[in-house]
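Residue-level structure breakdown
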Amino acid sequence: MLVLEQVTVKYPDVTPLDGLDLTLAPGTTAIMGPSGSGKSTLLRLIAGIQAPTSGEVRIDGTAVVTASWRSAGDARVSFIHQDYRLVPFLTVEQNMLLAAELRGVSRSRADVGSMLGRVALPMPMRERLPAKLSGGQQQRVAIARALMAGTSVILADEPTGALDVDNTERITDILVDLGHRERLVVVVATHDPDVARRLDRRFELSRGKLVQLA
Ligand SMILES: Nc1ncnc2c1ncn2[C@@H]1O[C@H](COP(=O)(O)OP(=O)(O)OP(=O)(O)O)[C@@H](O)[C@H]1O
């Protein structure tokens, strides 16, 4: 269970989140809202990349660990970005093993094969460099890499923003599957109403709070 309680983020000029409350059980959630409404800020708080000005974020009853010299954020959360952010000079397999290692999770080459299977990528792709993959394939590797860390929360910031319609559908299918079959908490910031419609819950960020959409 992911809980945000009375969370406020104040920057010098704006207060994008203002006393925001949210409780999410496993499943898929869309966060919508115009550019600048605070979607990325909200995801950064959940990942522990940034601390709120006030309020609390908890996962399964324990406060999220915020980044410090000890950690790059909370180890229970993985992040998927619009621009994939794979390490360009490492192969697919090396990217995936590195993610596990950084989280202190022991994973083998067999695990790489099984995670690639979960995102429907053929095994020979494990030897490729990211630049030799299409955008949709790179995003599937980014999801497989997130799965290697074995986190219970997966955040995706505009994961389909750079993809065509077919790849958008495929990536959305995978995220829906993770929420439903694997019971992960999947939170997707998106501008795309077709993506949002496929998810269990939809919220709009407005005036610093989340409004649930039908
Ligand atoms: N580090 C920061 N310092 C000051 N202001 C910031 C900082 N980060 C974000 N902001 C401001 O906070 C507001 C929310 O930004 P955020 O990036 O969270 O919005 P967003 O909804 O994700 O936007 P987009 O859809 O364009 O990515 C914006 O007005 C932005 O300019």
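Since we're looking at a predicted model, the values are computed, not measured.

As a matter of local geometry, the ligand sits amid 13 residues, with Ser-35, Gly-36, Lys-39, Ser-40 and Thr-41 nearest to it. Separating an oxygen atom of the ligand from a backbone N or O atom of Ser-37 is a distance of 3.2 Å. Its free accessible area being 640 Å², the ligand has 60% of it covered by the protein chains. By residue class, the composition of the shell around the ligand is four nonpolar, seven polar and two charged.

With that settled, consider the pattern of salt bridges. Tallying each qualifying case throughout the model produces eleven salt bridges. For Glu-127, the salt bridge identified is with Arg-109, shortest N-O distance 3.4 Å. Of this pair, Glu-127 sits in the loop between α3 (109–118) and α4 (135–148) while Arg-109 sits in helix α3, and the two are 18 residues apart along the sequence. Its relative accessible area of 46% is what places Arg-109 among the partly exposed residues. The partner of Arg-118 in a salt bridge is Glu-182, with the nearest N and O atoms 2.3 Å apart. Of this pair, Arg-118 sits in helix α3 while Glu-182 sits in the loop between α5 (165–180) and β8 (185–189), and the two are 64 residues apart along the sequence. Connected via shared salt-bridge partners are Glu-93, Arg-109, Arg-126 and Glu-127.

Met-96, Ile-143, Leu-175 and Leu-178 are the most contacted members of the largest nonpolar core, which totals 35 residues. Elements with a minimum of two residues in this core: β3 (27–32), α2 (92–102), α3, α4, β7 (153–157), α5 and β8. When residues of this core are assigned to domains, at least three fall in each of domain 1 (1–67 + 152–213) and domain 2 (86–149). Contacts of Met-96, omitting those with residues within four sequence positions, involve Val-112, Met-115, Leu-116, Ala-144, Arg-145 and Met-148. Counting 27 residues, the second largest nonpolar core, distinct from the first, contains Val-9, Leu-22, Leu-45 and Val-77.

On to the pairing of strand β1 (residues 2–9). Summarising burial for β1: six of the eight residues are buried, a large majority. As paired elements, β1 and strand β2 (residues 17–24) share five bridges and run antiparallel to each other. Counted as the bridge partner of Val-9 is Leu-17 from β2.

Another aspect to go through is the layout of surface pockets. By volume, the largest pocket amounts to about 580 Å³. Considering the residues around the largest pocket, the lining is formed by 22 residues, among which Val-77, Phe-79, Ala-99, Leu-102 and Arg-103 are closest to the centre. Taken together, the elements giving at least two residues each to the lining of the largest pocket come down to β6 (77–81), α2 and α4. Considered class by class, the residues forming the lining of the largest pocket number 13 nonpolar, five polar and four charged.

What follows covers unusual backbone geometry. Generally, phi is negative for residues other than glycine and the peptide bonds are trans, each holding for most cases. In the Ramachandran plot, Gln-6 falls in the positive-phi region, its phi being about 50° despite a non-glycine side chain. Locating Gln-6 in the fold gives a position in strand β1. Given the relative accessible area of 45%, Gln-6 is considered partly exposed.

Below, the discussion takes up the domain arrangement of the protein. Looking at the assigned domains, one finds that the protein contains domain 1 (1–67 + 152–213) and domain 2 (86–149). Taking the mean C-alpha position of each, domain 1 and domain 2 sit 24 Å from one another. Surface buried jointly by domain 1 and domain 2 totals about 790 Å² across both partners, of which 69% is contributed by carbon and sulfur atoms. Linking domain 1 with domain 2 are one salt bridge. Taken together, the connections running from domain 1 to domain 2 amount to two residue pairs in polar contact (both at pLDDT 80 or more). Ranked by residue count, the leading element in the side of domain 1 that touches domain 2 is α5, at six residues. Across the side of domain 1 that touches domain 2, the residue classes tally to eight nonpolar, one polar and two charged.

Conventions we followed
Residues numbered from 1 in each chain as written. Predicted model: local features only at pLDDT ≥ 70, side-chain atom pairs only at ≥ 80, totals over all residues. Heavy atoms only, no water. Near = heavy atom within 4 Å. Polar contact = N/O pair within 3.5 Å; in protein donor to acceptor, adjacent residues only side chain to side chain. Areas by Shrake-Rupley, 256 points an atom, 1.4 Å probe, with all protein chains shown as cover. Nonpolar A, V, L, I, M, F, W, Y, C, P; charged D, E, K, R; others polar. Salt bridge = Lys/Arg side-chain N within 4 Å of Asp/Glu carboxyl O. Helix = DSSP H or I, 4+ residues; strand = E, 2+ residues; numbered from the N terminus. Buried < 20%, exposed > 50% of the residue type's maximum accessible area, 1.4 Å probe, protein only. Core = buried A, V, L, I, M, F, W, Y, C linked by side-chain atoms within 4.5 Å. Domains from an automatic or database assignment. Contact = heavy atoms within 4.5 Å. Pairing = 2+ DSSP bridges. 1 Å grid on protein atoms, 1.4 Å probe; cavity = no way out; pocket = protein on both sides within 12 Å on 5 of 7 lines; lining within 4 Å. Points joined across faces, edges and corners; volume = space filled by probe spheres on them. Buried area = accessible area lost by both parts, 1.4 Å probe.

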